[in-house]
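# Results of the structural survey
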Amino acid sequence: MSKRCYYETLEVDRSIDEAGLKSAFRKLAMKWHPDRNPGDQNSEVRFKEINEAYEVLKDGQKRAAYDRFGHAAFEQGTGGGQGFGAGFASSFSDIFEDLFGMSGQRARGGGRERGADLRYNMEITLDEAFHGKTAEIHIPVSVTCESCSGTGAKAGTKPKACSLCGGAGRVRQAQGFFTLERTCPGCQGRGQVIDDPCGACAGSGRVARERSLSVNIPPGVEDGTRIRLAGEGEAGVRGGPSGDLYIFLSLASHELFQRDGADLHCRVPISMITAALGGEFEVPTIDKGRTKVKVPAGTQSGRRFRIAGKGMPVLRSRQSGDMYVQVVVETPQNLSKRQKELLAEFDKLSSGETQPEAAGFFAKVKDFFGSRAAAS
């Protein structure tokens, strides 16, 4: 069966540069690595093909020879990508941590692992977001075991190096003409084992506790704001550093205001009389104050009035947003007989000058139907 083109194997064009070639290799190597596809023979074959293609194309001289002669350039034993040579070690090392995360650090750190990050969801009111607050929260968290100081071993004893991997945390296994490196099954990558575990933490080096923390919420926070408390997450395994605590804020809905960034919006119903003749009304502000809004005569429903500086504070800034008041003209309901008579009388006295928008619209409607009738 004919060999697949190296460029097709890496899913790139022949004109690709060195950086693009490396990026494509990283992506495919991570996808098809046997550790990510245990028991999949096709993954091992694809991984070998990807490595072979990259070993040739990353070398300028080999790539030039391949571009000119194809696979025939390496059929006499001069080629490039057979096995896991020194070249592979250098080209693949930069994606090793992408594939295996903290494994290398765990082994070198004597089995110590960084603790997990924690998430805490907190709902606050719009008023609290405006003024800021200090909140006390209680979270269940794993802390370093005091009995063993986080080592996981019984007092008076110590963890020892894993005999299976020699403390490296990883073991190598030859498969055909290439070698795979996997997490050590004896110590799960920690490089150490505990013969006599601590009774208080069962060898984990951590115990569960409820912790109380004081959280400062600054003025101006928005829905979805994330607050990071470094080192307040889960304790590390066997003396490793603690993770972080992330507090995600959500804002409860407000009965009067809707928020848009630093601006606040408020809808206020006004009577038809106020809209027609003009007037004023008073609205509350988020800072617990009040302000008057003047409505000019002939105000239409939906008009907005801007009140500068009466919105939300901008986070970590002295600036503030604005408040927008939108008026909605309310149609009268449950009218008495006399009220209906007065409105009917008003309607008779109305003209295009008193209702210019309606008059203009229906004039266009009349022209529209008139032009269609003329055309037919």
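The structure displayed is predicted, hence computed values, not measured ones.

## Some points on the packing of aromatic side chains
Two aromatic rings are characterised by how far apart their centres lie and by the angle between their planes. Within the structure shown, the criterion is met by three aromatic pairs. Ring centres of Tyr7 and Tyr66 lie 6.1 Å apart, and the angle between their planes is 45 degrees; on these two criteria the pair is classed as tilted. Taken as a pair, Tyr7 in helix α1 (residues 6-9) and Tyr66 in helix α4 (residues 60-69) lie far apart in primary sequence, 59 residues in all. For Tyr7, a relative accessible area of 2% translates into the label buried. Judged by relative accessible area, Tyr66 falls into the buried class, the value being 4%. By the ring-pair criterion, three or more aromatic residues cluster together here, those being Tyr6, Tyr7 and Tyr66. A cation over a ring is seen here: Arg119 above Phe248, with NZ or CZ 3.8 Å from the ring centre. One Lys or Arg, Arg304, reaches over the ring of Tyr324 and ends 4.6 Å from the middle of that ring.

## Examining the sheet that holds strand β14 (residues 304-307)
Strand order in the open sheet formed by four strands is β10-β11-β15-β14, and the pairing between neighbours is mixed. Taken across any chain shown, the strands that pair with only one partner, and hence form the sheet edges, are β10 (258-260) and β14. The mean inter-strand angle of the sheet, taken between neighbouring strand axes irrespective of direction, is 30 degrees. When β14 meets strand β15 (residues 323-330), the two strands line up antiparallel, connected through four bridges. From the neighbouring strand, Arg306 faces β15, where its bridge partner is Tyr324.

How each quantity is defined
Residues numbered from 1 in each chain as written. Predicted model: local features only at pLDDT ≥ 70, side-chain atom pairs only at ≥ 80, totals over all residues. Heavy atoms only, no water. Phe/Tyr/Trp six-rings, centres within 6.5 Å; stacked < 30°, edge-to-face > 60°. Helix = DSSP H or I, 4+ residues; strand = E, 2+ residues; numbered from the N terminus. Buried < 20%, exposed > 50% of the residue type's maximum accessible area, 1.4 Å probe, protein only. Lys NZ or Arg CZ within 6 Å of the ring centre and 35° of its normal. Pairing = 2+ DSSP bridges. Axes fitted to C-alpha atoms, helices over the stretch in contact; angles between N-to-C directions.

So far we have only geometry, and geometry alone does not tell us how the molecule works.
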